[in-house]
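Fold and contact review
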Amino acid sequence: PYPSWGSCSLGVFICVQCSGIHRNIPEIGMKVKSLSLSRWEDQEVEFMTENGNKLMKHKYEATVPVYYYRPTHKDCQVLREQWIRAKYERKEFTEEMRKWTYEEGTRDGMLMKRGRDNGQFLSRRFVLSENEGTLKYYIKFDAKEPKAVIKVDSINAAFQPEKIGNPNGLQITYLKDYSTRNIFLYHESGKEIVDWFNSIRAVQLNRLKVAFPVASDTELMPKLTRNFLKEGYMEKTGPRHTEGFKKRWFTLDHRRLMYFKDPLDAFAKGEAFLGHRDQGYSAQPGLPAGTHCNGAWQHGITIVTPERSFLFTCETETEQKDWLKHFNDVINIQMSPQEYSMEAQFRRKY
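One numbering rule holds for all chains: residues counted from 1, following each sequence as written. Local features are withheld for residues below a pLDDT of 70 in this predicted model, meaning they are given only at 70 or higher, and side-chain atom pairs are given and counted only at 80 or more; totals for whole chains, interfaces and linings count all residues. Derived side-chain values reflect all non-hydrogen atoms in the structure, with water molecules and hydrogen atoms excluded from consideration.

A few points about the UniProt feature "domain: PH" (unreviewed entry) in the protein
UniProt positions are given in the numbering used here, feature names are shortened, and annotations may be inferred rather than shown by experiment. Taking the numbering used here, the UniProt-annotated feature "domain: PH" (unreviewed entry) corresponds to residues 104–205 and 227–332. Secondary structure elements follow DSSP: runs of H or I no shorter than four residues count as helices, runs of E no shorter than two count as strands, and numbering proceeds from the N terminus. Secondary structure over residues 104–205 splits into 20% helix and 45% strand, and the C-alpha atoms at its two ends are 13 Å apart. Helix makes up 14% of residues 227–332 and strand makes up 38%, while its end C-alpha atoms are separated by 19 Å.

Points about the layout of surface pockets
Considering only enclosed or pocket space, the largest pocket measures out at about 1200 Å³ in volume. Cavities and pockets are found on a 1 Å grid laid over the protein atoms alone: a cavity is a set of points where a 1.4 Å probe fits but cannot escape, a pocket is an open set with protein on both sides within 12 Å along at least five of seven lines, and a lining residue has an atom within 4 Å of such a point. Around the largest pocket, the lining is made up of 33 residues, and of these Asp153, Lys223, Arg226, Gln338 and Met342 lie nearest the centre. Mapped onto the lining of the largest pocket, the elements with two or more residues apiece are strand 9 (170–176), helix 6 (190–211) and helix 9 (337–349). Asp, Glu, Lys and Arg are counted as charged, while Ala, Val, Leu, Ile, Met, Phe, Trp, Tyr, Cys and Pro are counted as nonpolar; the rest, among them Gly, fall into the polar class. For the lining of the largest pocket, a count of residues per class yields 11 nonpolar, 11 polar and 11 charged. Grid points are joined across faces, edges and corners, and a volume is the space filled by probe spheres set on the points.

Observations regarding the sheet that holds strand 17 (residues 309–314)
Strand order in the open sheet made by the 7 strands is 14-13-12-11-17-16-15, with antiparallel pairing throughout. The two strands at the open ends of the sheet, each matched to only one other strand, are strand 14 (270–273) and strand 15 (282–285). Here the average twist between neighbouring strands, direction ignored, is 35 degrees. Pairing of strand 15 with strand 16 (residues 299–304) involves 4 bridges; the strand directions are antiparallel. Paired with Pro285 across the two strands is Ile301, which belongs to strand 16. Two residues form a contact once any of their heavy atoms are found within 4.5 Å. The convention used is that axes are lines fitted to C-alpha atoms, helices contributing only their stretch in contact, and that angles between N-to-C directions extend from 0 to 180 degrees. Helix 8 (residues 317–331) contacts strand 11 (230–236), strand 12 (246–253), strand 13 (256–260), strand 15, strand 16 and strand 17 of the sheet and is inclined by roughly 110 degrees relative to strand 11. Pairing between strands requires that DSSP locate at least two bridges from one strand to the other.

Here you go:
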């Protein structure tokens, strides 16, 4: 969003969303003013002129770790708030050679986890280990054996406050026996859950640097946690295209299109892999001639893969076009060696 507010204590211009966060930080919040509605003193205008976003970014973002997630205006409140507090309140990125909590190699603490079957959130102990390359969780704090051992390399983590129903809600997605498994978490402290998120990213990057020693940070960063490209409801039919269309929740995580009966299901009911166009993958509007569409949603999509076609319907034409744009964007991207390996795994399973 356009920066329509200014912080007279920092000398930076900010958007209306961030202005509310700035006002809640005692040290800097007293002098947040609207550029069009507030009265500005001459010395305040002069202060803004002498400083500005570029100079303050150089000061307050001098040592941001490469793995630290820099939120945009599209990200949720907790990510934006903790980024602002880390910069201006805690001044985490202004000191050289600072030791960040995200780089300790291990992290051990309690998080609220949603039960797979009953939907209740209960306190569980989580342990992140860079040396082992794992994230473990335990039913009880003093339990000797973990309930699950998750390979950090297979983890995706994305904030999902609306889906989880908590402003600090974090979704952990990983592969278990080539099937997608979801864990839904939150912590009452926004700082704590964002610290966990960035600690996971730090461990992932360090392990990638060992695995790919000549790769640059720019090449490795896309392999860290990422937001889902799109989520939402569509209707789908079965492989033979003779079954009725059923409403499902879909998640597009780069090349993996997963579908669930409910958005908070622990396991995906099924998945589709979206490879490159040259490998025989395509996505187009409409359904094959003769397809019996029994549902209320009439805006069809056909995804063709080397093994089979997937048929979906969307509620509106706008949704159909948006899904198609994302599908084709992915299909037009060349595949990496790791993605060819993932494609082979999908073909063996499905």
